[in-house]
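Descriptive analysis of the structure
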Amino acid sequence: REAGPDGTCPICTRPLGQEFDKVLGLLEEQFEEVKQNGKWLRKRATHLEKKPADLVGAEEQHVALQKTVDAAGQRLARCEQAVQEIWTLTTELQSKQQKLEAVKADLDQLPAGYDAELHKKADARLLELREIEQRAARFEQVLERRAEREREYVEATARAKDALARLEASAAKLEEIAFDPRIFEALRVEQEKAAAALHAADIALTDARARLDAARDHLARVKVEIKTAEENRERLRELELDVKHHVELDTALAQLRAELNARVRPELSDLASTFLNDVTDGRYTGLEIDENYNVIVLDEGEEKPVISGGEEDMANLVLRIAISQMIAERAGQQLNVLFLDEVFGSLDLERRDSVINLLHKLEDRFDQVILITHVETIREGLDHTVRVSFDERTGASVVQEESVLVGAGGEVGDEEGSYGLAGVPVAQVVR
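These numbers come from a predicted model, not from an experiment.

The rules behind each value
Residues numbered from 1 in each chain as written. Predicted model: local features only at pLDDT ≥ 70, side-chain atom pairs only at ≥ 80, totals over all residues. Heavy atoms only, no water. Helix = DSSP H or I, 4+ residues; strand = E, 2+ residues; numbered from the N terminus. Rg over C-alpha atoms; globule rule 2.2 N^0.38 Å. Buried < 20%, exposed > 50% of the residue type's maximum accessible area, 1.4 Å probe, protein only. Contact = heavy atoms within 4.5 Å. Areas by Shrake-Rupley, 256 points an atom, 1.4 Å probe, with all protein chains shown as cover. Lys, Arg positive; Asp, Glu negative; His and termini not counted. Charge placed at Lys NZ, Arg CZ, Asp CG, Glu CD. Pairing = 2+ DSSP bridges. Salt bridge = Lys/Arg side-chain N within 4 Å of Asp/Glu carboxyl O. Axes fitted to C-alpha atoms, helices over the stretch in contact; angles between N-to-C directions. Core = buried A, V, L, I, M, F, W, Y, C linked by side-chain atoms within 4.5 Å. pLDDT = per-residue confidence, 0-100.

**A short note on the overall build of the protein chain**
Summing up its helical and strand segments, the protein chain has seven helices and eight strands in all. Computed over the C-alpha atoms, the radius of gyration of the protein chain is 55 Å, more than 25% above the 22 Å expected from 2.2 N^0.38 for a compact globule of 431 residues. The dimensions of the protein chain, computed from C-alpha atoms along their principal axes, are 155 × 90 × 50 Å. A total of 431 residues make up the protein chain; the buried ones form 17% of that total. For the protein chain, the share of sequence-separated contacts (at least 6 apart) that also reach a separation of at least 24 residues comes to 58%. Entry remark: accessible area of the protein chain is about 33,700 Å², with carbon and sulfur atoms responsible for 56%. Taking the average place of the 58 positive charges on the side chains of the protein chain and the average place of its 87 negative ones, the gap between the two points comes to 13 Å.

Next up, the structure:
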């Protein structure tokens, strides 16, 4: 709106010119449709918050069946394990039976006349031979390492002679320097104390370095935590501002919603009541809309607790027409066309005639009123009829102008659609 016809379109980045009103109207219709869809989705979400009893029961049954399946799976696993064990044992049994057959075959090949005493002597001799074999093996190992041992012996003898020579030289040096064992012992004790002190100092230094590293790590963590705390504090300030803005916006929107409800609902109820009175020939004179925009039909000023399907469709129809007129008034210009799709389904013949008469009274509000319906009996009250049928042979829809009826002034319209009824053409599309 601010850009105007000569401004730059935010979508196609060019001036709209003569298309400005059309594009703006299309965007407003889409915006209104989005808002209506949002209301329907919120209402639908409210309805779907609680799970149906059938779904809850089905989920419980699913859990029970899943437990049964798990138990059956565990049992199947145990059975498969048992089958595997049986297969393994069967394989082992077959192997042992084969060995048994082989042993039996070897026994069958032995000569007859078994001598138990000779067998015992043979076993004893076999034990003796095995002991001799073990001793021979040990002797072989010793013989194999004999050369290595002799070489080690020669080296050890040489080292012993060298050590004895160094010992004699050390003794001679001790005599030369007048070695005192007591002074040596005292120095050795002091050296051990100094070594112990040095070791303790190394341990203390290591501990101090560990504490220093821990302190540095702790300092680094503290710095990070301080930085995080500053960032969180800044984020908290931003969130507090956002909360304050949201609270102010919520208060403003609540006030706006209350103001709109206070202004729009009474006006919409009065306008719909007028249409309801015309459609029902004065039977129902009132229609109210509560805060949740539920339709309430009034019978002699009292709320009618139960309404039929036809009465509900009739109330919804007059409410649609009232909303259309209110939109036209708010837009500051007359709407060109009003489409009504299948609004006669549950209405009786008298109510249908009343609705047709009401639509003819809208001549000063709409240039055209187009009805889409399957009901054939209302054609006589309309100015123009177009039938849409399906041709099964060609697989295409056929649009055919069926007739031009006599208008209220008794004049017949021409083929291009010059209609009667005070210039308000009402067309019927029969599908």
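**Looking at the pairing of strand β1 (residues 286-289)**
Relative to strand β2 (residues 295-299), β1 is paired through four bridges, and the arrangement is antiparallel. From the neighbouring strand, Ile-289 faces β2, where its bridge partner is Val-295.

**A word on the pattern of salt bridges**
Under the definition given, this model contains eleven salt bridges. A salt bridge links Arg-188 to Glu-192, with the nearest nitrogen and oxygen atoms 2.4 Å apart. Separated by four residues within a single helix, Arg-188 and Glu-192 lie in helix α5 (residues 181-279), roughly one turn from each other.

**Side note on the sheet that holds β1**
Strands sit in the order β1-β2-β3 across an open sheet of three strands; the sheet is antiparallel. Among the strands making up the open sheet, the edge pair consists of β1 and β3 (302-303). With respect to the sheet, helix α6 (residues 309-331) is in contact with β1 and β2, its orientation differing from that of β2 by roughly 110°.

**Some remarks on the side chain of Arg-265**
Structurally, Arg-265 is set in helix α5. Relative accessible area serves as the criterion here: at 17%, Arg-265 is assigned to the buried category. Leave out the neighbours within four places in its chain, and Arg-265 touches Leu-260, Ile-289, Asp-290, Glu-291 and Tyr-293.

**So, the nonpolar core**
Ranked by internal contacts, the top residues of the largest apolar core, which has 34 residues, are Phe-275, Leu-340, Phe-344, Leu-359 and Leu-371. Contributing elements (two or more residues each) for this core: α5, β1, α6, β4 (335-341), α7 (349-360) and β5 (366-373). Take this core: its biggest share by element is eight residues, from α6. Beyond its immediate sequence surroundings of up to four residues, Phe-344 is in contact with Arg-352, Val-355, Ile-356, Leu-371, Thr-373, Val-375 and Ile-378.

**Side note on the environment of Glu-80**
With respect to the element layout, Glu-80 can be found in helix α2 (residues 53-109). For the pair Glu-80 and Ala-197, spaced 117 residues apart in the sequence, the C-alpha separation amounts to 70 Å.

**Looking at the confidence of the model for the protein chain**
On average, residues of the protein chain score 80 in pLDDT, and 91% of them reach the 70 mark or higher. Mean pLDDT across the secondary structure elements of the protein chain bottoms out at strand β8 (residues 426-430), with 44, and peaks at α2, with 88. Taken together, the stretch residues 404-431 has pLDDT below 50 and engages in 75 contacts with residues farther than four places along the chain or on a different chain.

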